[in-house]
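Letter by letter, the chains look like this.
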Amino acid sequence: MTQVTSNILVVEDEAKLAQFIELELKYEGYTVTVASDGLSGLSAAREGNPDLIILDWMMPGFSGLEICRRLRDTGNKVPIILLTAKDEVRDRVEGLDSGADDYMVKPFSVEELLARVRAHLRRTQEEDPESLQFSDLRLNRSTREVYRGNRSIELTAKEFDLLDYLLAHPRQVLTRDQILERVWGYDFMGDSNIIEVYVRYLRLKLEAEGEKRLIQTVRGVGYVLRD
């Protein structure tokens, strides 16, 4: 599969700090999305499928803790680094108990923040499972085998990569731009309808014996794997 840069979501209502973090991350080669309040941050986390979230604790709308809890309650395991001016032990415990993976007290060193970002992304990549499953659909990354129930399905390399990406993010709406970047590469200059073509190929193979549809179209946005 084409390797591309990680996408990081920064949710921070202090505009200057958010811009500073964004510029530093982009300088390191990351793709960055910024949200300035809790509600838009939660929406971006759910719809944008980031690889890591840098999240302020105190914000208008939902707090960082509330965002953590809501994401974890739906099974979202994206790494979250919580930023806060609170530095008491009980505050750290509360932050981590809410579902955050890490905790940094303001003011902080940007070098340390970048080091923690790298560490969490590396750990996530190392923990990528060999096998993925959703409903009766199974995929093995090592053997590149795919099964629908007990039926073996032969896929081309690009069909496999597309299905792998969908299976790795079940029930999350993936936009066409995200799919193009992750599966075909950010510099892809081919037919803009390529995703629709490959989704049709996959559906024909996955539903060849009348199985229920798992790859759903979200009109005007992209695709999602769900029952």
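Model, not experiment: these values are computed from the prediction. (Residues numbered from 1 in each chain as written. Predicted model: local features only at pLDDT ≥ 70, side-chain atom pairs only at ≥ 80, totals over all residues. Heavy atoms only, no water.)

**Q** Requested: an account of helix H6 (residues 157-168), with residues and values cited.
**A** For H6, built from 12 residues, the straight-helix expectation of 16 Å at 1.5 Å per residue is met to within 8% by its first-to-last C-alpha distance of 16 Å. H6 sits mainly inside the fold: 9 of its 12 residues count as buried. Of the positions making up H6, those classed as buried are Glu159, Phe160, Asp161, Leu162, Leu163, Asp164, Tyr165, Leu166 and Leu167. (Helix = DSSP H or I, 4+ residues; strand = E, 2+ residues; numbered from the N terminus. Expected span 1.5 Å × (residues − 1). Buried < 20%, exposed > 50% of the residue type's maximum accessible area, 1.4 Å probe, protein only.)

**Q** Go over the pairing of strand E12 (residues 222-225) with me, naming the residues and quoting the values.
**A** Alignment of strand E10 (residues 174-175) against E12, held across 2 bridges, turns out to be antiparallel. Across the sheet, residue Leu174 finds its bridge partner in E12, namely Tyr223. (Pairing = 2+ DSSP bridges.)

**Q** I'd love a proper account of the sheet that holds E12, names of residues and values included.
**A** Here we have 3 strands laid out as an open sheet, ordered E10-E12-E11, and antiparallel in their pairing. The sheet terminates laterally at E10 and strand E11 (215-218), the two strands that pair on one side only. The sheet contact formed by E11 and E12 spans 4 bridges and is antiparallel. Within the sheet, the bridge partner assigned to Thr217 lies in E12 and is Tyr223.

**Q** Describe the UniProt feature "modified residue: 4-aspartylphosphate" (unreviewed entry) in the protein, and please don't skip the residues or the numbers.
**A** Sites flagged by UniProt as "modified residue: 4-aspartylphosphate" (unreviewed entry) map to Asp56. The class of Asp56 is buried, set by a relative accessible area of 4%. If we skip the residues at most four places from it in the chain, Asp56 touches Val11, Glu12, Asp13, Gly64, Leu82, Leu83 and Lys106. (UniProt positions renumbered as here; feature names shortened; annotations may be inferred. Contact = heavy atoms within 4.5 Å.)

**Q** Can you lay out the pattern of salt bridges for me, pointing to particular residues and giving the numbers?
**A** Inspection of every chain in the model, using the stated rule, returns 17 salt bridges. With a closest N to O distance of 3.5 Å, Asp161 and Arg144 form a salt bridge. One end of the pair, Asp161, is in helix H6; the other, Arg144, is in the loop between strand E7 (137-140) and strand E8 (145-148), and 17 residues separate them in sequence. By relative accessible area, Asp161 is classed as buried at 8%. In this structure, Glu196 and Arg176 form a salt bridge, with 2.7 Å as the shortest nitrogen-oxygen distance. Residue Glu196 is located in helix H8 (residues 194-206), and its partner Arg176 is located in helix H7 (residues 176-184); the two are separated by 20 residues in the primary sequence. The class of Arg176 is partly exposed, set by a relative accessible area of 24%. Overlapping salt bridges bring together Glu12, Asp56 and Lys106 as one network. (Salt bridge = Lys/Arg side-chain N within 4 Å of Asp/Glu carboxyl O.)

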